[in-house]
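Chains, contacts and geometry: an overview
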Amino acid sequence: MLDSVHGRCAQAVSNALIFFESFSGKNMTFSEKETARDVVSEADLAIQTVMLRGLHESGWPVISEEKENNFEILRNAEICWVLDPIDGTANYSENIPFYGISLGALKAGEFFAGAFGMPATKELFYTINQDIAYLNEVRLKVLPKTLRASLVAASFSSPSTARGVEREREFLLFGSLNDRSKGALRLGSASGNICYTAAGRFGLSYGLNNKIWDVAGPLAIAKAAGCQVVTSPIDPSGRISFVVGHPAIIEEVRSEFQPFIGSI
Amino acid sequence: MSDLKETIVIVGAGAIGRGYLPWTFEDNRYNLILVDQNVELIRKLKEQGYFTSYMTMKGKGLVGKKFMVDQAYTIDEFQTVQCPDPVTCYMAVGPRNVVLASKVLKRFTCPIVLLENDDKTVELVRVAVGRENVFFAIPDVIASNTASLENLQKDPLALHTEDGEMFVDARAKAVAGRIIYCDELELKNQWAAKLYLHNTPHCIAAYLGSLLEQKYVHDPMGVPKARKIVEGAMNEMLRALKLTWDIPHDFLDWYAAKELDRFSNRELCDPISRVAREPFRKLELNGRLVGAALMCLKLGYVPINLLLGITAALLYKNESDQDNHIAFAIKYLSPAIVLSYLLKLRKGEVLEELLSSNFVTLVDQLEEVMRCKPC
């Protein structure tokens, strides 16, 4: 049955990608949520409705961005689906192709299965078991890289969760990584950042106090691709910090991330 | 190793590299060094010091020949071995492995001849070794990476091959033997015929054989409904080549007829798992299946047998194949996603439309073929 979790996960995202095509060319309304960069569209809500219907059939609970959630189930449920109908909606609202449909399955709190589909770039990342992941037809296998030879991708916390000195520390970390690498980017989709790291395009990606739906599926994909995935515990509001990359590059940044993630 | 002889290095000791290629060299003139990533095969070659290749010869049946192996190395071992510049290095490792395998040839200056069934590999290897004398070759032959039980009992390293022809870019002329060194135009014509009149129907035969749960490529050719699809695909490609390429039609007709005979050759024992391997590579946009179908559609006709071949490739299941995730994709992803994301067909283009809207019908037609499975 657990094998089919990977299948169901990929299937749900595949079907949602087809459904997403029905929004092509339509004028979309985007509404602001907590902050200017936190937006939602009709597509987010429609995809969530369609996907929830399918996921509920499995009998396992679902955590999803555009609904009320009880994060306790992340720890308690045998399997828990974690959905972000569109990760990177702000990008989508501006026709920037870096966004996608993100679904993960946590098994007893572990990142177990994942699928992330990017309709604008026709890229589908998915696990077929805990040790094997693909981008479309190509196997993902992360290769060693140094920080100096890498692009780094960051996902920041929301301004409401990190203020003052804490916020400044986040920007200092970003600046430091930017100066010691090929450059640090903030692209607006944590799922995309992690999957591109699994594909070797970024040497390192990290996120601070991100929502669990932004990262659940992609962290399973990154693990299956051979990345080292280091995370903080998931807090009661469903937030998590993470750093992902080849073990060699994680070693290079270990001490800098300890204040944010804890011991690595 | 005799110092009086020149040395030939063959990287890739499989069906072509070991089974066929040594037959083309002038007898007793060259020392043979075999390099392969298969550690077990190299161990056995070192231990035994020879292997037997059986060639199917008209009127004589299978004729065996013992080839002495002067040295055999794994790819990693060969990296560090002292070896004078060979007269030529041949590579037959599969298109996906050429870049990695070419690292062992970087130190030499002799010509590198690629028998890779993909002309794009020449540029890849030129970049990898940092020189220009890398050339394409077309072994017009079907060779198997194994042999009949009877011959394997005589020599566990035995293989079977046809009596084929070896076309090599004339700029690589260095080795003497049964090799046809040809100019660019001749090579181009031979490659068009090989790609579309050999590779295309050959892999379709293998995918149909796999659906029929058969072992060798000649097996599906004995099932009338499967044979009809292979012949149909051959005719579709023949028509496309005649309309688009400036190649004498009598040559193409002769080539097509010859190929159908070869696919049915029971003596080859050519495993379906070899011919059908890496289905995603065979389904590449410009390749032998999708590329071939696009060519026919551009010319204004629907190649129904090629569509069946593409569908059969999508249904291929082999747990030991590098591309076995094709089975996962077909089971869980919608056909439209497989076609546009995995095969890179543009949404709405004719082939994408034909395949996605007729996928169920095509599968039904293949199931009809599968019902003809011999007991």
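Residues numbered from 1 in each chain as written. Chains lettered and ligands numbered in written order. Predicted model: local features only at pLDDT ≥ 70, side-chain atom pairs only at ≥ 80, totals over all residues. Heavy atoms only, no water.

**Details of the overall build of chain B**
Stated precisely, the cut-off is as follows: Per the convention used, a helix needs a DSSP run of H or I reaching at least four residues, while a strand needs a run of E reaching at least two, with both numbered from the N terminus. With the radius of gyration taken over C-alpha atoms, the globule rule is written as 2.2 Å times the number of residues to the power 0.38. Two residues qualify as a contact provided that any one of their heavy atoms is within 4.5 Å of a heavy atom in the partner residue. Note on areas: Shrake-Rupley with a 1.4 Å probe; residue coverage comes only from the protein chains shown. None of His or the chain ends enter the tally, which takes Lys and Arg as positive and Asp and Glu as negative. The atom standing in for a charge is NZ when the residue is Lys, CZ when it is Arg, CG when it is Asp and CD when it is Glu.
Along its length, chain B carries 16 helices and 11 strands. Over its C-alpha atoms chain B spans a radius of gyration of 21 Å, differing by no more than 12% from the 21 Å that the globule rule assigns to 375 residues. Excluding contacts between residues fewer than 6 apart, the proportion of contacts in chain B whose partners are at least 24 apart in sequence is 68%. Accessible surface, chain B: about 16000 Å² in total, of which carbon and sulfur atoms supply 51%. Where the 45 positive side-chain charges of chain B centre and where its 48 negative ones centre are 2 Å apart.

**Some thoughts on the sheet that holds strand 4 (residues 61–68) of chain B**
Residue and element names in this part refer to chain B. As a reminder of what qualifies: If DSSP finds at least two bridges between two strands, the strands pair. Helix axes are fitted only over the stretch in contact, all axes being lines through C-alpha atoms; the angle between N-to-C directions runs from 0 to 180 degrees.
With mixed pairing, the three strands of this open sheet are ordered in space as 4-3-9. One side of each edge strand has no neighbouring strand; the edge strands of this open sheet are strand 4 and strand 9 (159–162). Going from strand to strand, the sheet's axes swing by 30 degrees on average, the running direction of each strand aside. Sheet topology note: the strand 3 (residues 50–57)/strand 4 ladder contains eight bridges and is antiparallel. Bridge pairing in strand 4 places Thr56 opposite Leu62.

**Section: the nonpolar core**
Residue and element names in this part refer to chain B. Our working definition: Side-chain atoms within 4.5 Å are what join buried Ala, Val, Leu, Ile, Met, Phe, Trp, Tyr and Cys residues into a set we call a nonpolar core. Throughout, exposure labels follow a simple rule: accessible area from a 1.4 Å probe, protein chains only, divided by the maximum for the residue type, with under 20% read as buried, over 50% as exposed, and the rest as partly exposed.
Grouped together as the largest cluster of nonpolar side chains are 139 residues, with contacts concentrated most on Phe78 and Leu105. Here this core gets 14 residues from one element, more than from any other, and that element is helix 7 (residues 184–211). Not counting residues within four places of it along the chain, the set of residues in contact with Leu105 comprises Val9, Val11, Phe78, Cys89, Met91, Ile112, Val129 and Arg131.

**Considerations on the packing of helix 8 (residues 224–244) of chain B against helix 13 (residues 304–314) of chain B**
Residues and elements named next belong to chain B. Test applied: For classification purposes, angles smaller than 35 degrees are called roughly parallel, those larger than 145 roughly antiparallel, those between 65 and 115 roughly perpendicular, and all remaining angles oblique. Handedness of each helix crossing follows the sense of rotation of the near helix against the far helix: counterclockwise by less than a right angle gives left-handed, clockwise gives right-handed. Residues are grouped as follows: Ala, Val, Leu, Ile, Met, Phe, Trp, Tyr, Cys and Pro are nonpolar; Asp, Glu, Lys and Arg are charged; every other residue, Gly included, is polar.
Contact geometry of helix 8 with helix 13 gives a least axis separation of 7 Å together with a crossing angle of 120 degrees. Between helix 8 and helix 13, the angle is such that the two are oblique. When the axes of helix 8 and helix 13 are compared, the crossing they make is left-handed. Contacts between helix 8 and helix 13 pair Lys228, Ile229, Gly232, Ala233, Glu236 and Met237 from the former with Ile304, Asn305, Leu306 and Leu308 from the latter. Residues belonging to the contact of helix 8 with helix 13 are distributed by class as follows: six nonpolar, two polar and two charged.

**Some remarks on the interface of chain B and chain A**
How large an interface is tends to be reported as the accessible area lost when its parts come together. The test is simple: The quantity reported as buried area is the accessible area (1.4 Å probe) lost by two parts once they are put together, taken as the sum for both. For this analysis, a salt bridge means a side-chain nitrogen from Lys or Arg found within 4 Å of a carboxyl oxygen belonging to Asp or Glu. Polar contact is defined as a pair of N or O atoms within 3.5 Å, subject to the rule that within protein one atom must be able to donate a hydrogen and the other to accept it, and that residues adjacent in sequence are counted only when both atoms are side-chain atoms.
The interface is formed by 15 residues belonging to chain B together with 22 residues belonging to chain A. When chain B packs against chain A, close to 1500 Å² is buried across both sides, 67% of that on carbon and sulfur atoms. Together, B:Phe328, B:Tyr332 and B:Tyr341 form the three largest contributors to the area buried by chain B at its contact with chain A, with a combined 44%. Our count for the chain B to chain A interface comes out at two salt bridges. One can count five residue pairs in polar contact (both at pLDDT 80 or more) joining chain B with chain A. Looking at the side of chain B that touches chain A, the elements with two or more residues in it are helix 14 (325–332) and helix 15 (335–342) of chain B. Examining the composition of the side of chain B that touches chain A, we find that five residues originate from one element, helix 15 of chain B, more than from any other.

**Details of the domain arrangement of chain A**
All names here are of chain A. Note the threshold: Domain borders in the structure are assigned automatically or taken from a domain database.
Taken domain by domain, chain A comprises domain 1 (3–139) and domain 2 (151–259). Listed as interface residues are 39 residues of domain 1 and, on the opposing side, 37 residues of domain 2. Buried surface at the junction of domain 1 and domain 2, summed over both partners, amounts to about 2700 Å²; 64% is from carbon and sulfur atoms. For Lys223, the salt bridge is made with Glu110, and the minimal N-O distance between the two is 3.6 Å. Summed over the shared surface of domain 1 and domain 2, the result is eight residue pairs in polar contact (both at pLDDT 80 or more). Put simply, the parts of the chain that give the side of domain 1 that touches domain 2 at least two residues each are strand 3 (62–64), helix 3 (73–76), strand 4 (79–87), strand 5 (100–107), strand 6 (110–118), strand 7 (123–129) and strand 8 (132–135). The element best represented in the side of domain 1 that touches domain 2 is strand 6, accounting for eight residues. For the side of domain 1 that touches domain 2, the class distribution of residues is 19 nonpolar, 11 polar and nine charged.

**Some thoughts on the sheet that holds strand 7 of chain A**
Residue and element names in this part refer to chain A. Spatially, seven strands are ordered 3-4-5-6-7-8-9 in an open sheet, and the strand pairing comes out mixed. In the strand order of this sheet, the two ends are held by strand 3 and strand 9 (138–139), each with one partner. Judged from the seven bridges that link them, strand 4 and strand 5 form a sheet pairing that is antiparallel. Paired with Asp84 across the two strands is Ser102, which belongs to strand 5.

**Remarks on the environment of B:Phe167**
Residue and element names in this part refer to chain B. With respect to the helices and strands, the residue Phe167 is situated in strand 10 (residues 165–169). A relative accessible area of 4% means that Phe167 is categorised as buried. If we skip the residues at most four places from it in the chain, Phe167 touches Ala137, Ile138, Asp140, Ile180, Cys182, Glu186, Leu187 and Gln190.

**Side note on the packing of aromatic side chains**
When we look at a pair of aromatic rings, we describe it by the centre distance and by the angle of the planes. What counts is decided by this rule: Aromatic rings from Phe, Tyr and Trp, with only the six-membered ring used for Trp, were paired whenever their centres fell within 6.5 Å, and each pair was classed as stacked if the ring planes differed by under 30 degrees, edge-to-face if by over 60, and tilted otherwise. By definition, being over a ring means that NZ of Lys or CZ of Arg is both within 6 Å of the ring centre and within 35 degrees of the ring normal.
Scanning all chains against the criterion turns up 28 aromatic pairs over all chains. Taking the centre distance of 5.1 Å and the plane angle of 80 degrees together, the rings of A:Phe98 and A:Tyr196 count as edge-to-face. Of this pair, A:Phe98 sits in the loop between helix 4 (89–93) and strand 5 while A:Tyr196 sits in helix 6 (residues 190–198), placing them 98 residues apart in sequence. Side by side, A:Phe98 and A:Tyr196 carry an identical accessibility label, which is buried. Taking NZ or CZ as reference, B:Arg18 lies 5.4 Å from the ring centre of B:Phe51, over its face. Here the guanidinium or amino end of B:Lys258 rests over the ring plane of B:Tyr255, the centre of that ring lying 3.7 Å away.

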